[in-house]
Every structure is written in C-alpha cells, then in structure tokens.
Amino acid sequence: MSIPDPVVEAHRESFRNGTASAGARAVPEETAIALTYNRASYAVMMATPADLEDFAIGFSLAEGIIASASEIAGLEIVPRELGVELRMEITGVVADKFTERRRLLAGPVGCGLCGIESLDQAMRPLPTLQSGMRIDADSIHRALADMQRKQAMSQLTRAVHAAAFWTPAKGLVALREDVGRHNALDKLAGALARLNVVASGGMALISSRVSVEMVQKAAMMGAPFIVAVSAPTALAIRTAEKAGITLIAVARDDGFEVFTHGDRVSLVALQHVVR
C-alpha cells in the first residue's frame with residue numbers, strides 16, 4: 001500500500017453555455033488520517049494526504065499533547081487499507097498526560113472541535129500573547145498576494161484551503177494546503193515547528209473564515225496576527241481579543257477590517273498589489 005496522491009485527475013462531462021464536452025478536472029484527494037500515540041487512537045480526521053509529518057506535529061501542538069516537536073520520540077507514516085496512520089511515540093510525562101486525557105475524535109473535513117467531551121474542552125484557556133510588533137497596510141496586502149501566488153494545489157483544484165506564515169523580514173516563510181481549513185493551519189504549525197520558526201514574529205494568513213478554533217490554533221502557535229480572507233464569528237473576535245491576537249479579516253485587494261488590537265496596525269493609505 002502507498003500514500004494516495006494529494007491531487008488526482010477526475011474524468012467528467014462538462015455542460016456549459018449549452019455545449020457538452022468530455023474532459024478531466026484536477027481534484028484534491030480526501031483521506032482518513034488516524035493520529036495515534038503509543039498505538040492508542042486519538043483522532044481520525046479527513047484530510048489531504050500531503051505534508052503529513054507537519055500535520056502530525058502541528059495537530060499534536062494544537063491539542064496540547066506536546067509542547068514542542070522534540071517531545072515526539074518517533075513518528076511513522078503508515079499507509080493502511082482505509083487511510084493513513086500517523087503513528088507517534090511519546091514518553092515520560094508527556095505520555096502520562098496523554099493517557100489521562102485520551103479521547104476518541106472522529107472529524108469530518110469541516111470540523112475543528114469534533115468529539116470533545118465537555119464545554120471546558122471547547123473553551124480551553126489560551127495563552128495571552130504579548131507583542132510589540134506593528135504591521136502596515138501595504139505589508140498585509142503583500143502577504144496576501146504572496147499567499148495567493150503560492151497556492152499551487154488551489155490553483156489546480158479550486159477546492160482546498162491554505163494557511164501561511166509571513167514576516168516583514170522574510171516574506172512568506174511557509175504555506176500548507178488541505179481540504180480542511182483546520183488541517184491546513186495544523187500543517188502550518190507543524191512546518192514552523194520543524195523549521196524552528198518562532199511564530200511571534202509574523203502573521204498567520206488563512207484563506208477561510210475565522211471561527212473560534214482557528215483563533216485557538218493561532219494562539220497555541222504563538223502568532224500575534226491573524227489575517228483572513230473571509231469574515232470572523234463573534235466568538236472568534238472575543239477569543240482573539242482575550243488572547244491578545246490582532247484579528248484582521250475580510251482582507252481583499254481594496255482593503256481589510258481590523259477587529260481586535262488595532263493599535264498594532266498602521267492604517268496608512270492602501271496601495272493595490274501588482275500581480
């Protein structure tokens with residue numbers, strides 16, 4: 001068995017403008033990904049089978065199972081008949097903590113808080129981020145333009161979400177894509193951890209709406225800025241305010257909207273990005 005390709009070609013009949021034609025379309029793959037720790041099942045998520053090591057590490061960080069990538073003693077990607085297992089080994093205090101809180105989670109593509117057992121788990125305490133970083137409007141537009149240009153899988157399929165990390169000094173540091181927006185952000189967190197990038201120095205960019213889970217994941221990453229293409233929920237705004245995150249949303253070519261901690265944003269005259 002092997003890991004499926006993240007993008008496949010699907011044959012279809014097209015009916016447009018009254019004309020029928022046969023052809024093919026690139027579509028993203030969707031695969032059951034089981035995350036296990038010491039052979040104990042913790043979560044099964046539907047995801048795109050790409051950047052799976054990043055996904056394993058980022059998911060583990062977001063869930064609070066580990067505090068750093070080094071706490072995973074072993075990671076094996078195991079193709080199975082019905083999906084892929086991300087088989088992780090943890091030891092010591094980390095393993096003891098996992099045993100105490102183990103739960104089984106079954107997550108469809110659009111799910112970020114599936115399978116939790118209590119309201120306390122859904123609204124867990126988050127770190128409060130302190131940041132002296134400031135960003136200007138032109139930087140926000142440059143970052144979004146960089147993300148759009150680098151979304152290779154989205155350009156092929158028009159059916160996946162992206163999460164990226166951008167800094168004023170280095171530009172686009174990492175970008176990950178997935179059929180699930182939460183998965184894309186987890187993959188990004190894992191990529192940053194593997195690159196030893198400290199998230200406090202830049203912005204997390206997402207191609208989706210901002211729900212509370214996305215804010216929670218950004219807070220666990222330590223990112224003081226979230227910039228989103230779509231709108232936030234009311235709970236996401238309240239959570240970002242409390243977590244010390246500057247939430248910028250509805251970010252398009254003509255501008256954006258700042259919902260929390262706007263003192264970090266310099267609202268200079270907006271300039272359109274040349275593509």
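Shown above is the structure to which this text applies.
So, a few notes on the structure that sits alongside this text. Since the model is a prediction, treat every value here as computed from it, not as a measurement.

Side note on helix α1 (residues 52-62)
Moving on, step 1. Burial analysis of α1 places 10 of its 11 residues in the buried class, the great majority of the element.
Moving on, step 2. By the burial criterion, the buried members of α1 are Leu 52, Asp 54, Phe 55, Ala 56, Ile 57, Gly 58, Phe 59, Ser 60, Leu 61 and Ala 62.
Moving on, step 3. After α1 finishes, the residue Gly 64 shows a positive phi value of roughly 80°.

Here we look at the side chain of Asp 54
Moving on, step 1. Tracing the backbone through its elements, the reader meets Asp 54 in helix α1.
Moving on, step 2. Given the relative accessible area of 3%, Asp 54 is considered buried.
Moving on, step 3. Within the local environment of Asp 54, its side chain forms a polar contact with the side chain of Arg 176, the two groups lying 2.7 Å apart.
Moving on, step 4. The residues contacting Asp 54, other than those within four sequence positions of it, are Arg 176, Asp 186, Lys 187, Gly 190, Ala 191 and Arg 194.

With respect to the packing of aromatic side chains
Moving on, step 1. Applying the stated rule across the entire model yields 5 aromatic pairs.
Moving on, step 2. Consider the rings of Tyr 37 and Tyr 42, whose centres lie 5.8 Å apart with planes at 90°: the pair is edge-to-face. Like Tyr 42, Tyr 37 is buried.
Moving on, step 3. Ring centres of Tyr 42 and Phe 59 lie 6.1 Å apart, and the angle between their planes is 75°; on these two criteria the pair is classed as edge-to-face. You can see Tyr 42 sitting in strand β4 (residues 40-47) and its partner Phe 59 sitting in helix α1, a full 17 residues away along the chain. With respect to class, Tyr 42 is no different from Phe 59; both count as buried.
Moving on, step 4. Here the aromatic residues Tyr 37, Tyr 42, Phe 55, Phe 59 and Phe 98 are joined through ring pairs into a cluster of three or more.

Some thoughts on the pairing of strand β11 (residues 203-206)
Moving on, step 1. Residue alternation in β11 divides its side chains into two sets, Met 203 and Leu 205 and Ala 204 and Ile 206, and both sets are buried.
Moving on, step 2. Two elements, strand β9 (residues 161-167) and β11, share 4 bridges in a ladder whose sense is antiparallel. Within the sheet, the bridge partner assigned to Trp 166 lies in β11 and is Met 203.
Moving on, step 3. Judged from the 4 bridges that link them, β11 and strand β12 (residues 225-228) form a sheet pairing that is parallel. In the sheet register, Ala 204 faces β12, and the bridge partner there is Ile 226.
Moving on, step 4. Of the crossover connections in this fold, the one passing from β11 over helix α7 (residues 212-221) to the parallel β12 is right-handed.

Structural notes on the side chain of Ser 154
Moving on, step 1. Following the sequence through the fold, Ser 154 ends up in helix α5 (residues 152-157).
Moving on, step 2. Residues within four places of Ser 154 in sequence aside, it is in contact with Val 160 and Glu 177.

Quick look at helix α4 (residues 137-150)
Moving on, step 1. For α4, which comprises 14 residues, the first-to-last C-alpha distance of 20 Å matches the rise-based estimate of 20 Å (1.5 Å per residue) to within 8%.
Moving on, step 2. Most of α4 is tucked away: 10 of the 14 residues are buried.
Moving on, step 3. Restricting attention to buried positions, one finds in α4 the residues Ala 137, Asp 138, Ser 139, Ile 140, His 141, Ala 143, Leu 144, Ala 145, Asp 146 and Met 147.
Moving on, step 4. The N-cap residue of α4 is Asp 136: its side-chain oxygen and the backbone nitrogen of Asp 138 are 3.3 Å apart.

Thoughts on the nonpolar core
Moving on, step 1. Of all hydrophobic cores here, the largest spans 28 residues; its most connected members are Leu 188, Ile 206 and Ile 245.
Moving on, step 2. Of all the secondary-structure elements, those providing two or more residues to this core are β9, α6 (181-195), β11, α7, β12, α8 (234-243) and β13 (246-252).
Moving on, step 3. Ranked by residues supplied to this core, first place goes to α6 with 6 residues.
Moving on, step 4. Setting aside anything within four residues of it in sequence, one finds Leu 188 in contact with Ala 163, Ala 164, Phe 165, Ala 174, Leu 175, Arg 176 and Met 221.

Conventions we followed
- Per-chain numbering applies: the sequence of each chain, read as written, is numbered from 1 onward.
- pLDDT decides what is reported in this predicted model: residues at 70 or higher carry local features, side-chain atom pairs at 80 or more are listed and counted, and totals for whole chains, interfaces and linings draw on all residues regardless.
- Hydrogens and water are ignored here; the side-chain numbers use all heavy atoms of the structure.
- Burial classes follow relative accessibility: with a 1.4 Å probe on protein chains only, a residue under 20% of its type's maximum area counts as buried, one over 50% as exposed, and anything between as partly exposed.
- The numbering of helices and of strands both runs from the N terminus, where a helix is a DSSP run of H or I of at least 4 residues and a strand a run of E of at least 2.
- Under this definition, polar contacts are N or O atom pairs within 3.5 Å; protein pairs additionally need one hydrogen-donor-capable and one acceptor-capable atom, and for neighbouring residues in sequence, both atoms have to be side-chain atoms.
- What makes two residues a contact is simply this: any of their non-hydrogen atoms within 4.5 Å.
- Working definition: rings of Phe, Tyr and Trp (its six-membered ring) pair if their centres are within 6.5 Å, and the pair is stacked with planes under 30 degrees apart, edge-to-face with planes over 60 apart, and tilted otherwise.
- Between any two strands, at least two bridges found by DSSP are needed for them to pair.
- Handedness rule for crossovers: strands pointing away from the viewer, path from the first strand over the helix to the second running clockwise, crossover right-handed.
- Helices are assigned an expected span. That span is 1.5 Å times one less than the residue count.
- In this description, a nonpolar core means a group of buried Ala, Val, Leu, Ile, Met, Phe, Trp, Tyr and Cys residues linked to one another through side-chain atoms lying within 4.5 Å.

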